[in-house]
Amino acid sequence: MDYIVILDKTILIVAIFIVSLAVAAYATFGERKVAAWLQDRVGPNRAGPFGLLQPVADGVKMFMKEEIIPNAANKKLFIIAPAIFMVTALMSSAIIPWGKPFEIGDRQFHLLVADLNIGMLFVFAMVALGSYGIMIGGWASNSKFSLMGALRSSSQMISYELPLGMSIVALILFAGTLNLTEIVEMQKYGNWNVFYQPLGFIIFLVCVFAECGRAPFDMPESESELVGGFHTEYSSMKLGLFLFAEYIHMFISSAILATLFFGGYHFPGIDSLDLAPNIAALVSIVVLFSKIFFFIFLFMWVRWTLPRFRFDQVMNLGWNVLIPLSLLNILATAAYVTFF
Amino acid sequence: MTESIDYIALLIQFSVAMAFVVVTLVATHFLGPNRKTEDKLEIFESGIESIGNARLPFSIKYFLAAILFVMFDVEVIFMYPWAVNLKELGTVGFVGMFIFLAIFLLGFLYELKKGALKWE
């Protein structure tokens, strides 16, 4: 029996893996199309119909480029860094419930890799480990631009991890669990957490932008002052892994946003329809992915609308505004939960 | 809820991710051209020859931010078990955490007053 479960999990893991890579690849394409649309341009349209093969072309190009490791760099660390960054990005998808279970015969096929009761803590662990990839990469390059980028990036990431964690505490006060499946099940029938935790949602959203290093928080790699930040010295697929992992981060963060605050795979109206289990499972996947795509679009929209912060502004916002706000949010929520 | 199968699944996911990373890194190593020159292997410094290496002292602010993060992160981790159990703990739990958060806040205010987080 155990072997069948392990087989199930393996199939699911490979499927999620391929989907994350595909979404990340097409997010790069989507990013350019959205940018073009917002700036009244056409965007990539040469490779394949409507430029749809552009991500494939980009990927192949990355593979075919010369791999350069500067003489002054620490070779081993230089190679390990992008691997850490990519692996942690791919690992964090493990605790997201992707949909309702399928029924095959008398078995249930759960669309969830690991049903951990410490779900959210696992995500934080992976995010925190990811910043090692950046730090090691920036330091091992032995370039001043990379060092500056890595310093900025790591202090930005750790600064925003505090309000990120604290905004989740307020949500957990309501939910009473760290398990994401249970959090999703509580949000049935349009009972979305965002209505109970609007401030927590806003803090979480801002922190997610900062954690992903997306504009307006893309200080670590601001090309106009730091060339490329921590990946200045990287080339070929090692650079590719860094860039790609960022888009995977974006995909996973959107999934977590949808799961925690917007009902995950539930949608009011669709929950109360009496669908056959397998169709319900399919519909739930579609619902979750539409929410994810909406958030990915939001990421891009913000990037091409807002200018970049200065670094002291980023740190001030994190420490002086978001941390007190999220403390307040925790206290208010705790008082509400205890006394009402 | 959590069973050993969930951790086995995590291991599988880890090996799949590792395999992907190793295969890409090895593939790009063999697929790309290999025409190295001295100039190419220099550190990028906007076209100017780089002076010294990059193992430079950096602003103490980054270090302070890291230290403060470690402290506050531990405090935030303490909040998780409390948050999960608050409904059972009731008023006692609330008051207890209120005192904890008050101390947290005091430390935070002290740090703000000392200017540890001024970035100009």
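Please refer to the structure placed before this passage.
The paragraphs below set out a description of the structure included in this document. What you see is a predicted model; the values in this text were computed from it and never measured.

**Digging into the overall build of chain A**
Right, on to step 1. A tally of regular secondary structure across chain A gives 12 helices and two strands.
Right, on to step 2. Summarising its shape, the C-alpha atoms of chain A cover approximately 60 × 45 × 45 Å along the three principal directions.
Right, on to step 3. Counting all 340 residues of chain A, 60% fall into the buried class.
Right, on to step 4. For chain A, the share of sequence-separated contacts (at least 6 apart) that also reach a separation of at least 24 residues comes to 80%.
Right, on to step 5. With the model as given, the accessible surface of chain A reaches about 13,200 Å², and the carbon-plus-sulfur share is 70%.
Right, on to step 6. In chain A, the 20 positive side-chain charges and the 23 negative ones have mean positions that sit 9 Å from each other.

**Some details on helix α5 (residues 144-175) of chain A**
In an α-helix, one turn spans 3.6 residues; hence positions three or four apart end up facing the same way.
Residue and element names in this part refer to chain A.
Right, on to step 1. Its 32 residues give α5 an end-to-end C-alpha distance of 46 Å, which sits within 8% of 46 Å, the value for a rise of 1.5 Å per residue.
Right, on to step 2. Most of α5 sits inside the fold, with 29 of its 32 residues counted as buried.
Right, on to step 3. Backbone nitrogen of Phe 145 and a side-chain oxygen of the N-cap are separated by 3.4 Å at the start of α5; the cap is Ser 143.
Right, on to step 4. A positive phi of about 75° marks Gly 176, the residue just after α5.

**A short note on the pattern of salt bridges**
All names here are of chain A.
Right, on to step 1. On inspection of all chains with the given rule, the structure shows four salt bridges over all chains.
Right, on to step 2. Between Glu 67 and Lys 238 there is a salt bridge, with its nearest N and O atoms 2.9 Å apart. Residue Glu 67 is found in the loop between α2 (54-64) and α3 (75-91), and its partner Lys 238 is found in helix α10 (residues 236-261); the two are separated by 171 residues along the sequence.
Right, on to step 3. Classification of Lys 238 as buried rests on a relative accessible area of 1%.
Right, on to step 4. Of the charged contacts, one joins Arg 310 and Asp 312 as a salt bridge, the two residues approaching to 2.9 Å between their closest N and O atoms.

Here is what the cut-offs are and how they apply
- Residues numbered from 1 in each chain as written.
- Chains lettered and ligands numbered in written order.
- Predicted model: local features only at pLDDT ≥ 70, side-chain atom pairs only at ≥ 80, totals over all residues.
- Heavy atoms only, no water.
- Helix = DSSP H or I, 4+ residues; strand = E, 2+ residues; numbered from the N terminus.
- Buried < 20%, exposed > 50% of the residue type's maximum accessible area, 1.4 Å probe, protein only.
- Contact = heavy atoms within 4.5 Å.
- Areas by Shrake-Rupley, 256 points an atom, 1.4 Å probe, with all protein chains shown as cover.
- Lys, Arg positive; Asp, Glu negative; His and termini not counted.
- Charge placed at Lys NZ, Arg CZ, Asp CG, Glu CD.
- Expected span 1.5 Å × (residues − 1).
- Polar contact = N/O pair within 3.5 Å; in protein donor to acceptor, adjacent residues only side chain to side chain.
- Salt bridge = Lys/Arg side-chain N within 4 Å of Asp/Glu carboxyl O.

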